[in-house]
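# Structural description and commentary
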Amino acid sequence: HYINSPDVEIVFAGIGRNYHQYGYANASNVSGIVQTPSFETIHETLSLLYPERRRLYLLTDRKHASQGLVANFKRQPHKDFDLIGVTSSNKFSDWKKAVEKANQSADVLLVGYFLGLESNEAKFRHRKQIRWLLRHAHLPALGLSGLFVMEHGPIAVGTCIKQQGEVAAQMAVDIIDN
């Protein structure tokens, strides 16, 4: 209920869904940074790195941001690419099955968000999951978040979580200073 309030400035960071869904589109007191990757940049990167690979498989967890990522990804035109499969799950066992499915039908595995992943292993680490994925995927993997590279993935096209926080913090400081 603070949208368009003259006494309150809203700064957001890391919104994974369309900011229109939050009522921010026409608000006079809202600024921020979204975490949705640029589809144009993803397409350009894929075309440069893998010019003959056109069939994409998206793998992500089921957290709130991932739901927005999947919805946005399905809604976007993909030029010369075909999105042939999507797995959105918090279960590592489902990810293992999805990698096998992608190996059989896709040319590139797009790795979305994975902090929501759970496992029965006592010392489960996301870095271990990414290493497993890279060992078992027989196709290139492209991360859609900077965190993919931080967990030792080879390459990512997306916004960096740390940078989003820094940008939002600077926006808030600018508002306070002015």
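Below is a short write-up of the structure.

Criteria and cut-off values
Residues numbered from 1 in each chain as written. Predicted model: local features only at pLDDT ≥ 70, side-chain atom pairs only at ≥ 80, totals over all residues. Heavy atoms only, no water. Helix = DSSP H or I, 4+ residues; strand = E, 2+ residues; numbered from the N terminus. Buried < 20%, exposed > 50% of the residue type's maximum accessible area, 1.4 Å probe, protein only. Contact = heavy atoms within 4.5 Å. Areas by Shrake-Rupley, 256 points an atom, 1.4 Å probe, with all protein chains shown as cover. Lys, Arg positive; Asp, Glu negative; His and termini not counted. Charge placed at Lys NZ, Arg CZ, Asp CG, Glu CD. Phe/Tyr/Trp six-rings, centres within 6.5 Å; stacked < 30°, edge-to-face > 60°. Lys NZ or Arg CZ within 6 Å of the ring centre and 35° of its normal. Axes fitted to C-alpha atoms, helices over the stretch in contact; angles between N-to-C directions. Parallel < 35°, antiparallel > 145°, perpendicular 65-115°, else oblique. Left-handed = near helix turned anticlockwise from the far one by under 90°. Polar contact = N/O pair within 3.5 Å; in protein donor to acceptor, adjacent residues only side chain to side chain. Core = buried A, V, L, I, M, F, W, Y, C linked by side-chain atoms within 4.5 Å. Pairing = 2+ DSSP bridges.

Looking now at the overall build of the protein chain. Looking only at helices and strands, the protein chain features 6 helices and 6 strands. Beginning at the N terminus, the succession of helices and strands in the protein chain can be written as β-β-α-β-α-β-α-β-α-β-α-α. Each of the three principal axes of the protein chain carries a C-alpha extent, and together these read 55 × 45 × 25 Å. By the burial criterion, 42% of the 178 residues in the protein chain qualify as buried. Nonlocal contacts in the protein chain, meaning residues at least 24 apart in sequence, comprise 66% of its contacts between residues at least 6 apart. For the protein chain, the accessible area works out to roughly 10000 Å², and carbon and sulfur atoms hold 49% of it. For the protein chain, the distance from the average site of its 20 positive side-chain charges to the average site of its 17 negative ones is 11 Å.

We now examine the packing of aromatic side chains. Aromatic ring pairs: the centre-centre distance and the angle between the two ring planes describe each pair. Overall, the coordinates contain 3 aromatic pairs when judged by the stated rule. Taken together, a centroid distance of 5.2 Å and an interplanar angle of 15° make the contact between Phe12 and Tyr24 stacked. Here Phe12 is found in strand 1 (residues 10–15), whereas its partner Tyr24 is found in the loop between strand 1 and strand 2 (30–34), with 12 residues between them in sequence. When its relative accessible area of 17% is taken as the criterion, Tyr24 is described as buried. Seen from the ring of Phe81, Arg54 lies directly overhead, with NZ or CZ sitting 4.5 Å from the centre.

Put simply, helix 3 (residues 92–105) and helix 4 (residues 126–136) touch, their axes get as near as 10 Å, and they point 20° apart. Between helix 3 and helix 4, the angle falls in the class roughly parallel. Our pair here, helix 3 against helix 4, has a crossing hand that is right-handed. Listed contacts from helix 4 to Phe92, Trp95, Lys96, Val99, Glu100 and Asn103 of helix 3 are Gln129, Trp132, Leu133 and His136.

Locating Asn103 in the fold gives a position in helix 3. For the pair Asn103 and Pro77, spaced 26 residues apart in sequence, the C-alpha to C-alpha distance is 23 Å. Sequence-distant contacts of Asn103, that is, excluding residues within four places in its chain, are made with His136, Ala137, His138 and Leu139. In terms of polar contacts, Asn103 uses its side chain to reach the backbone carbonyl oxygen of His136, at 2.9 Å. One polar contact links the side chain of Asn103 to the main-chain amide nitrogen of His138, over a distance of 2.7 Å.

Here we take up the nonpolar core. One recurring pattern in soluble globular proteins is that nonpolar side chains are buried together. Membership of the largest hydrophobic core comes to 20 residues, with the highest contact counts inside it found for Leu59, Trp95, Val99, Leu109, Val111, Phe114 and Leu133. Elements with a contribution of two residues or more to this core: strand 3 (55–60), helix 3, strand 5 (108–111), helix 4 and helix 5 (146–150). No other element matches helix 3, which puts 5 residues into this core. Contacts of Leu109, omitting those with residues within four sequence positions, involve Tyr57, Leu59, Val99, Ala102, Leu133, Ala137, Leu139, Pro140, Ala141 and Leu142. Judged by nonpolar contacts, the second largest core, of 17 residues, contains Phe39, Leu46, Leu110 and Leu142.

Bringing the pairing of strand 5 into the picture now. Residues Val108 and Leu110 of strand 5 are buried on one face, and the alternating residues Leu109 and Val111, pointing to the opposite face, are buried as well. Where strand 3 meets strand 5, 4 bridges bridge the pair, whose relative direction is parallel. By the bridge assignment, Tyr57 is partnered in strand 5 with Leu109. Where strand 5 lies against strand 6 (residues 141–143), 3 bridges are found, and the strand directions are parallel.

Purely geometric stuff here, so don't read any function into it on its own.
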